[in-house]
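# Secondary and tertiary structure notes
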Amino acid sequence: MTRQPETTATGGLTRRGFLKGAAASAASLVIGVHLPNRAWAEDGVEPAAGAFAPNAFVRIDPDSTVTVIVKHIEFGQGPVTGLSTLVAEELDADWLQMRAELAPADTAKYTNKLFGLQGTGGSTAMASSFEPMRKAGAAARAVLVQAAANRWGVDPGEITIERGTLSDGSGSHKASFGDLVADAAKLEVPGDPKLKSPDQFRLIGTQVGKLDTPEKSNGKQIFTLDLYPDDLITATILHPPQFGAKVASVDDSAARAVKGVIDVKTVPAGVAVYAENTHAALKGRKALKVQWDSSGAETRSTLQMEREYSQAAKKPGLDARSDGDVEKALGSADTVIEAEYFFPFLAHAPMETLDAVIQFKEGQVTAWMGTQIQTLDRGGLARVFGVDKEKVLLYTQYAGGSFGRRAQPGADFAVEAAQVTKALDTDRPVKLMWTRENDIQGGRYRPLAIHRLRGGLDKDGNVVAWDQQIAVQSFMKGTPFEDFMIKDGIDASAVEGSKELPYAIPNLRVGQHLMDNGVPTLWWRSVEHTHNAYANETFLDELFERAGTDPVEGRLALLGDKHPRHSGVLKKVAEMVKKAGDVPEGRQRGVAVHKSFGSYVAQIAEVSKNAAGEPRVHRMWCAVDCGVPVNPDVIRAQMEGGMGYGIGAVLYDAISLSDGGYVEQSNFDRYRSIRINEMPDIEVEVIRSTEPPTGVGEPGTPPSGPAIANAWRRLTGQSVHRLPLVPITA
Amino acid sequence: MKRIVIAIGCAALVSLGLCLKIGTAIAADSEAAKAQTLQSPEDFANIRDESKRSVAMFNEMGKVLTHPRCVSCHPRGDSPLQGMDLHKHEPPIVRGAGGMGAPGMRCSTCHGDDNVAFSTEEGSIPGHPGWRLAPKSMAWEGKSLGEICRQLKDQDRSHMTLEELQKHNATDGLVGWGWHPGEGRIPVPGTQKIFGELTQAWIDTGAVCPEG
Amino acid sequence: MAISFELNGKEVSADVEPDTPLLWVLRDHFKLTGTKFGCGIAQCGACTVHLNGLTRRSCITPISQVDGGTVTTIEGVSGEEARAIQDAWVALDVPQCGFCQSGQVMSATALLREIPKPTDENIDQAMAGNICRCATYVRIRKAIHRASDSMEG
């Protein structure tokens with residue numbers, strides 16, 4: 001006999017109630033606990049009884065709660081708080097009355113206008129929402145004001161709202177939002193409401209507490225993994241050991257003998273084990289004996305790939321950019337420096353492995369997952385089940401990290417989870433949970449890349465020539481993004497950040513070699529800026545060192561007056577470091593600056609050598625210009641996190657393949673994540689800009705690696721052209 | 001014109017240990033380790049000279065003492081080691097009071113009373129009720145067999161009489177774990193019984209230490 | 001096989017396979033989902049609970065080893081240190097994605113119970129087993145110091 005602990009607000013019963021409700025009726029959904037998508041029953045975005053929903057983004061309940069429907073997935077980068085701030089600002093709401101919900105898949109209502117589909121990526125959430133979400137709030141405000149004006153018989157112009165309370169000029173009437181929702185619901189919503197000017201902002205630019213912090217500090221936040229609908233089946237999957245291999249034969253007798261295992265099925269992605277509980281599903285998976293057919297597999301080792309890429313990079317590729325005559329300039333330069341860089345595959349390794357709950361019942365598909373491109377995932381689900389998109393309800397869940405991993409142009413994971421569910425031919429909900437081994441060995445890595453750089457200095461130490469040849473595979477090819485991203489053979493992503501090198505170098509060429517590779521790859525936090533910024537900023541630093549040029553002054557001189565925002569963050573970070581004082585004995589500092597996703601970031605790292613001879617990053621300083629800082633503390637947090645992510649990868653991480661194409665890492669023991677004892681102190685300054693806001697989720701990552709490598713080279717004399725910096729042990 | 005090439009391909013760097021190592025080297029070590037056996041005291045009967053016999057038997061004990069299963073928790077530093085290559089323990093953990101880890105993260109945070117096979121992959125997490133690091137005075141990592149031997153005989157460092165040492169080697173459960181290290185781990189050669197007999201025979205022959 | 005133990009202050013029993021990790025008993029059986037799965041091999045700390053008052057990775061703890069023991073999860077953790085830690089987490093907006101934070105809070109609470117005034121080194125030693133892929137470490141460190149300060153007097 002079992003007993004349920006009674007004290008848990010997040011216990012199975014409430015969540016079960018939610019899921020039952022979501023599939024059955026909206027009425028049962030109005031419950032006092034914050035639950036994902038509680039308003040989204042079959043009727044989509046219709047508001048709960050008595051609520052006022054002027055548009056698809058805002059709902060005001062009779063209790064004055066303002067709920068913002070956030071069309072972007074939340075995995076820590078802050079849209080729930082950021083987008084709610086925009087609505088609250090224009091609505092003049094009190095921050096304490098704000099709530100947020102993640103929008104379901106509904107492209108018509110929730111498209112990202114920068115992509116033309118519903119999705120999150122490229123650090124665009126704030127940029128694409130800044131005006132629409134403010135308008136949504138302003139429209140709601142206008143209707144509430146009109147409702148109050150009608151009720152009190154005064155001119156709307158006399159009404160003010162102070163922290164969620166409306167009052168007239170005389171002060172004789174007061175009302176809360178909730179008092180007015182019934183009246184407001186009957187009025188017409190203005191299409192083009194007036195927005196505040198920046199000097200009227202009261203919330204934007206201030207620090208408001210993140211809406212999702214409390215439940216993420218007490219265990220109550222619900223992620224996909226935490227969904228336990230009635231009759232849940234848990235599935236695990238065994239993938240082939242090489243990319244492109246297929247199942248040849250399966251001996252599942254031992255797996256089926258595990259108590260709790262329901263079934264074993266071969267699916268396109270591998271072999272799925274279905275069980276009544278997670279442990280049985282894992283134990284069953286471990287008991288599988290599978291023969292694999294590797295005839296179509298990628299069998300090269302990463303060492304072989306590296307040799308092939310290196311050969312390619314020795315010749316000029318397709319020009320992504322060509323200024324002046326680089327060969328001639330190199331030929332006549334006083335000093336020429338050459339370097340070949342190696343960048344390994346990198347896994348994203350979000351804390352929550354990929355997972356989904358899918359139910360196919362009576363022709364209706366209902367799916368819950370941390371979907372990052374809802375439009376494409378919904379399409380993938382519809383394809384697998386052979387139903388119209390309208391028969392697919394896809395509920396976006398809070399996700400335990402992504403770093404790009406959940407944004408899948410081919411909807412791979414949604415398709416895999418759908419195939420796993422469909423193969424069982426059941427109307428019970430099926431949760432597919434990847435293990436960490438599935439994740440680390442599951443591909444969709446940051447691509448392996450080789451850069452070959454040649455730089456020329458004249459006799460006065462001026463940088464007169466720069467030739468950068470980049471050999472990398474394209475992950476845009478064959479996806480819905482291909483037409484948009486690949487023009488005249490140049491993959492804008494592959495060369496991003498190098499093609500746009502801001503420095504005034506008269507003879508500059510960036511060549512691209514798109515390599516074929518059977519290892520599936522994907523955007524990884526800040527996409528290809530990670531390796532491009534690293535090569536740019538370390539190689540330039542070496543040229544400066546060779547020429548005796550100060551790294552900050554040298555960069556400022558080459559930026560000239562054409563790139564004031566690059567210069568602005570660089571000067572700011574230099575000031576921060578000046579305040580911090582001289583470099584302590586045994587340490588060195590290195591700088592890097594890079595623009596990505598519209599935001600400008602400069603960083604300085606202070607590094608020493610530890611007892612094991614490895615780098616220890618003590619402190620880092622960061623200046624960021626991302627336009628209007630909507631929530632400075634979220635920006636600081638994203639810089640800290642983006643830097644930590646970059647530091648960990650540059651110091652410790654690589655996915656390597658042995659001969660035959662087998663991934664050599666499988667979990668955090670050998671694919672090391674940065675840990676607290678390796679994390680530097682970080683100071684961040686946010687530039688008070690009035691430019692339109694741009695992204696912060698990714699731009700903190702690219703400069704961190706080169707800043708550390710530059711410090712290390714200045715400390716030890718060793719250039720770092722191979723990553724990771726700390727060689728991985730076998 | 002000066003031409004400075006400041007980086008070269010991986011092939012040339014392998015010898016410097018700068019490239020990703022490939023797992024085959026470790027796999028080869030493992031095969032060699034698996035093939036190891038532990039000889040009994042009788043196997044040394046043909047050595048007439050008692051003190052030479054004693055040394056030979058200690059050298060045989062050395063197969064156990066210097067085995068990675070044993071050295072991992074006899075490190076010279078303040079962190080345990082892992083694997084046949086004795087790399088740094090991941091996650092990082094420190095010796096702490098009594099060799100049991102730090103407040104908030106003790107050995108027992110992860111290591112339970114028994115070995116536990118992983119359910120998500122091959123391998124296991126080792127366990128024993130007494131799981132902890134040996135005191136620093138008993139560090140074996142990086143030491144010669146002669147040094148380890150003299151250290152064992154020095155009661156200031158070993159905190160054991162030879163009689164107690166024999167009992168420890170022959171019967172201690174944590175020592176015995178070395179022969180039953182769990183899924184995915186190569187056990188130390190032989191059996192704890194033979195190890196105990198070797199220790200007794202070594203003591204009986206004068207507990208002579210190897211040179212060096 | 002029925003295993004009995006104390007869970008968040010209540011006597012419970014679960015009829016599950018004895019090799020079932022505590023993690024899956026908490027989640028699948030008791031629907032206490034605050035304790036997370038992150039790696040399955042005691043590398044990441046997302047599954048940290050308190051077993052008999054000390055931190056324990058529930059993903060590699062067979063339920064058979066819990067028989068008769070006392071288990072506290074994020075849902076049940078209480079007392080001055082837990083409160084101070086969670087308040088500091090909120091005050092400094094520590095979490096980003098939030099998935100690892102239950103484990104972080106459980107480790108940090110255990111640290112403060114033993115060392116009310118931890119140094120940076122104590123924090124590193126106690127918290128190095130808890131991975132945060134969002135790298136919220138800067139704030140975790142500050143929040144632990146803040147919680148410690150708030151408990152004074």
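Residues numbered from 1 in each chain as written. Chains lettered and ligands numbered in written order. Predicted model: local features only at pLDDT ≥ 70, side-chain atom pairs only at ≥ 80, totals over all residues. Heavy atoms only, no water.

Here the focus is the overall build of chain B. Counting its regular elements, chain B contains nine helices and seven strands. Counting over 212 residues, chain B shows a buried share of 47%. The contacts in chain B between residues at least 6 apart in sequence include a share of 58% that link residues at least 24 apart. By element, 54% of the accessible surface of chain B is carried by carbon and sulfur atoms, the whole surface being about 10,200 Å². (Helix = DSSP H or I, 4+ residues; strand = E, 2+ residues; numbered from the N terminus. Buried < 20%, exposed > 50% of the residue type's maximum accessible area, 1.4 Å probe, protein only. Contact = heavy atoms within 4.5 Å. Areas by Shrake-Rupley, 256 points an atom, 1.4 Å probe, with all protein chains shown as cover.)

It is worth spelling out the packing of helix α15 (residues 529–547) of chain A against helix α19 (residues 704–716) of chain A at this point. All names here are of chain A. Where α15 meets α19, the closest approach of the two axes is 8 Å, and the angle between their N-to-C directions is 30 degrees. With respect to α19, the element α15 is oriented roughly parallel. The two elements α15 and α19 meet at a crossing, and its hand is right-handed. Two secondary-structure elements touch here, α15 through A533, Y534, E537, T538, D541, E542 and E545 and α19 through G705, P706, A709, N710, R713 and R714. (Axes fitted to C-alpha atoms, helices over the stretch in contact; angles between N-to-C directions. Parallel < 35°, antiparallel > 145°, perpendicular 65-115°, else oblique. Left-handed = near helix turned anticlockwise from the far one by under 90°.)

On to the sheet that holds strand β5 (residues 160–162) of chain A, then. Residue and element names in this part refer to chain A. The three strands lie next to each other as β5-β6-β7, forming an open sheet whose pairing is antiparallel. Whereas interior strands pair on both sides, the edge strands pair on one side only; in this sheet they are β5 and β7 (174–176). Sheet twist, expressed as the mean angle between neighbouring strand axes with direction ignored, is 30 degrees. As judged from the three bridges shared by strand β6 (residues 165–167) and β7, these two strands associate in the antiparallel manner. Bridge pairing in β7 links T165 to S176. Against the sheet, helix α4 (residues 125–152) contacts β5, β6 and β7, and its axis sits at roughly 45 degrees relative to β6. (Pairing = 2+ DSSP bridges.)

Now for the interface of chain C and chain A. Every contact between the two is made by 59 residues of chain C and, on the other side, 74 residues of chain A. Each partner contributes to the roughly 5,500 Å² buried at the junction of chain C and chain A, and carbon and sulfur atoms together form 56% of this total. Taken as a group, K31, Q96 and R133 of chain C account for 15% of the area that chain C buries against chain A, more than any other trio of residues on that side. Between chain C and chain A we count six salt bridges in total. Here R139 of chain C and E640 of chain A are joined by a salt bridge, their closest N and O atoms 2.8 Å apart. Seen at the junction of chain C and chain A, the total is 27 residue pairs in polar contact (both at pLDDT 80 or more). Only β2 (10–15), α1 (22–29), α2 (80–91), α3 (101–114), α4 (120–127) and α5 (137–150) of chain C provide two or more residues apiece to the side of chain C that touches chain A. (Buried area = accessible area lost by both parts, 1.4 Å probe. Salt bridge = Lys/Arg side-chain N within 4 Å of Asp/Glu carboxyl O. Polar contact = N/O pair within 3.5 Å; in protein donor to acceptor, adjacent residues only side chain to side chain.)

The final tally for this structure, using the stated rule, is one disulfide over all chains. A disulfide-free cysteine, C622 of chain A has its sulfur positioned 9.8 Å from the sulfur of C626 of chain A, the nearest such atom. With a relative accessible area of 0%, C622 of chain A lands in the buried category. You can see C97 of chain C has no disulfide; the closest cysteine sulfur is in C134 of chain C, sitting 3.8 Å from it. (Disulfide = S-S within 2.5 Å.)

Residues and elements named next belong to chain A. The contact between helix α16 (residues 551–559) and helix α17 (residues 564–580) brings their axes to 10 Å, and the two run at 165 degrees. Here α17 runs roughly antiparallel to α16, going by the angle between their axes. Here the hand of the crossing between α16 and α17 comes out left-handed. Contacts between α16 and α17 involve V552, R555, L556 and L559 on the former and, on the latter, H566, S567, L570, K571 and A574. Class assignment for the residues of the contact of α16 with α17 results in five nonpolar, two polar and two charged. (Nonpolar A, V, L, I, M, F, W, Y, C, P; charged D, E, K, R; others polar.)

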